[in-house]
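A look at the structure
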2 protein chains.
Amino acid sequence: MPQVERHVTKFNDFLLQQGLKPTSERTALIREIFSTHYHFDADELLFKMKQNEVKISRATVYRTLELLVKSGLVRRVHLGEDHYHYEHVSGDSHHDHLVCTVCGAVIEFHDEELERRQREICEKKKFTPTFHNLQILGVCDACRRKGQLPDAPDRVRMIHATKLRR
Amino acid sequence: MPQVERHVTKFNDFLLQQGLKPTSERTALIREIFSTHYHFDADELLFKMKQNEVKISRATVYRTLELLVKSGLVRRVHLGEDHYHYEHVSGDSHHDHLVCTVCGAVIEFHDEELERRQREICEKKKFTPTFHNLQILGVCDACRRKGQLPDAPDRVRMIHATKLRR
DNA sequence: CGGCAACTGAGACTCAGTCTCAACCGCAAA
DNA sequence: TTTGCGGTTGAGACTGAGTCTCAGTTGCCG
Ligand SMILES: [Mn+2]
Ligand SMILES: [Mn+2]
Ligand SMILES: [Zn+2]
Ligand SMILES: [Zn+2]
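This write-up is about the structure you can find in this document. Being a predicted model, the structure only gives us computed values, none of them experimental.

1. Quick word on the protein's contact with DNA strand C
The local shell around DNA strand C holds 23 residues, among which A:Lys21, A:Thr23, A:Arg26, A:Ser57 and A:Thr60 are the closest. When the atoms of DNA strand C within 4 Å of the protein are grouped by moiety, sugar and phosphate amount to 68% of the total. Take A:Lys21: an N or O atom from its main chain is 2.3 Å from a phosphate oxygen of DNA strand C. The separation between a phosphate oxygen of DNA strand C and a polar side-chain atom of B:Tyr62 is 2.8 Å. If you list the elements that add at least two residues to the surface near DNA strand C, you get helix H2 (24-35) and helix H4 (58-71) of chain A together with helix H4 (58-71) of chain B. Grouping the constituent residues of the surface near DNA strand C by class yields six nonpolar, five polar and 12 charged.

Following this line, the structure appears as structure tokens:
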């Protein structure tokens with residue numbers, strides 16, 4: 001998929017324009033991110049890189065993620081867990097998330113009625129919104145069919161790909 | 001306000017019924033929580049206790065908060081920061097939060113239309129919701145009037161009462 | 001060639017939260 | 001009254017995610 005390369009190019013442009021350098025580590029990271037993941041966390045990414053070939057330090061992973069966010073190619077999101085996740089920024093815009101607490105699946109949605117209603121609420125409260133953050137936790141269709149039960153709602157623990165701890 | 005004592009009693013009942021003990025530490029904590037705070041975090045509470053008279057360890061604060069959550073008197077919530085907050089559970093039920101990223105004010109709201117729309121979305125996606133989590137970040141009326149600008153939306157840092165670091 | 005700015009990995013550090021452990025009640029049976 | 005025994009506590013070790021520092025590396029430009 002040449003999509004990946006388009007992202008590499010866009011990131012390189014961003015870097016150059018900032019006086020920064022398109023290093024092999026940065027390129028490897030963005031390639032990994034845009035060829036596979038969609039919602040992922042830093043540790044997952046670090047693990048994937050280790051799996052591949054490339055040895056990249058935690059520091060560089062975090063530093064590159066920060067750059068990717070600044071460049072607008074990637075967004076940092078909360079998914080109801082106690083660490084951050086990241087997602088691709090597709091041309092389309094804001095969306096919220098349904099998160100399955102059994103299998104970890106993430107379903108995106110954008111609903112204009114919901115957005116509109118939020119704006120109304122803010123107006124009523126004389127509140128100037130800049131940003132919002134909605135996760136609906138529950139059980140996805142597949143897991144429900146299998147009769148899986150969700151975890152306790154206030155102690156959600158999502159299932160991730162196995163990770164290599166430091 | 002005898003409200004506080006009603007909560008103390010309810011918590012004691014819960015403890016006894018669980019074979020646990022209404023110790024002075026636990027009572028002091030619940031008194032502090034229900035006489036002052038509404039949304040607060042563990043560190044804030046620890047600090048307040050220090051300010052008062054009582055010396056209570058961090059471990060006990062966290063342990064007691066867990067018990068309070070189990071007892072149903074207190075709820076653990078996300079407010080868009082990277083640590084938990086807690087709030088009183090008033091007889092009324094679920095609500096969401098507007099959080100001012102300038103002054104840290106928290107405005108609660110419950111909107112049935114919003115809730116209904118979320119249920120509709122889940123239905124459409126064949127998703128069984130158990131819980132959701134919505135924070136709208138922005139600037140409250142007071143701060144807007146003062147012309148305060150919000151922080152970058154993805155790096156929110158709320159203002160808290162000064163805290164005594166460990 | 002030398003300088004210089006950006007870059008990197010290792011690992012120290014932070015912060016919130018959890019866990020362990022030894023000392024400490026307070027009550028009830030012996 | 002002594003002993004035993006759960007439950008409780010504080011100190012501090014530990015964890016996990018994330019940040020920061022620093023010394024060594026790289027690549028470019030004069
Ligand atoms: Mn998403
Ligand atoms: Mn609230
Ligand atoms: Zn699922
Ligand atoms: Zn405000």
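2. Some remarks on the interface of chain B and chain A
Counting residues at the interface gives 43 residues for chain B, matched by 43 residues for chain A. Interface area, chain B with chain A, both sides summed: about 3,700 Å², of which 60% is carbon and sulfur. Along the contact surface separating chain B from chain A lie six salt bridges. In this structure, A:Glu113 engages B:Arg117 in a salt bridge whose closest nitrogen and oxygen atoms are separated by 3.5 Å. On the surface where chain B and chain A come into contact, there are 12 residue pairs in polar contact (both at pLDDT 80 or more). For the side of chain B that touches chain A, the elements supplying multiple residues, two or more each, are strand S4 (96-100), strand S5 (106-109), helix H5 (112-124), strand S6 (128-139) and helix H6 (141-145) of chain B. A total of 12 residues in the side of chain B that touches chain A trace back to one element, the largest contributor, which is S6(B). As paired strands, strand S6 (residues 128-139) of chain A and S6(B) are joined by 11 bridges and run antiparallel to one another. Bridging across to S6(B), A:His132 finds its partner in B:Ile136.

What counts as what
- Residues numbered from 1 in each chain as written.
- Chains lettered and ligands numbered in written order.
- Predicted model: local features only at pLDDT ≥ 70, side-chain atom pairs only at ≥ 80, totals over all residues.
- Heavy atoms only, no water.
- Near = heavy atom within 4 Å.
- Polar contact = N/O pair within 3.5 Å; in protein donor to acceptor, adjacent residues only side chain to side chain.
- Helix = DSSP H or I, 4+ residues; strand = E, 2+ residues; numbered from the N terminus.
- Nonpolar A, V, L, I, M, F, W, Y, C, P; charged D, E, K, R; others polar.
- Contact = heavy atoms within 4.5 Å.
- Buried area = accessible area lost by both parts, 1.4 Å probe.
- Salt bridge = Lys/Arg side-chain N within 4 Å of Asp/Glu carboxyl O.
- Pairing = 2+ DSSP bridges.

Interpretation in functional terms is not warranted from these geometric data alone.
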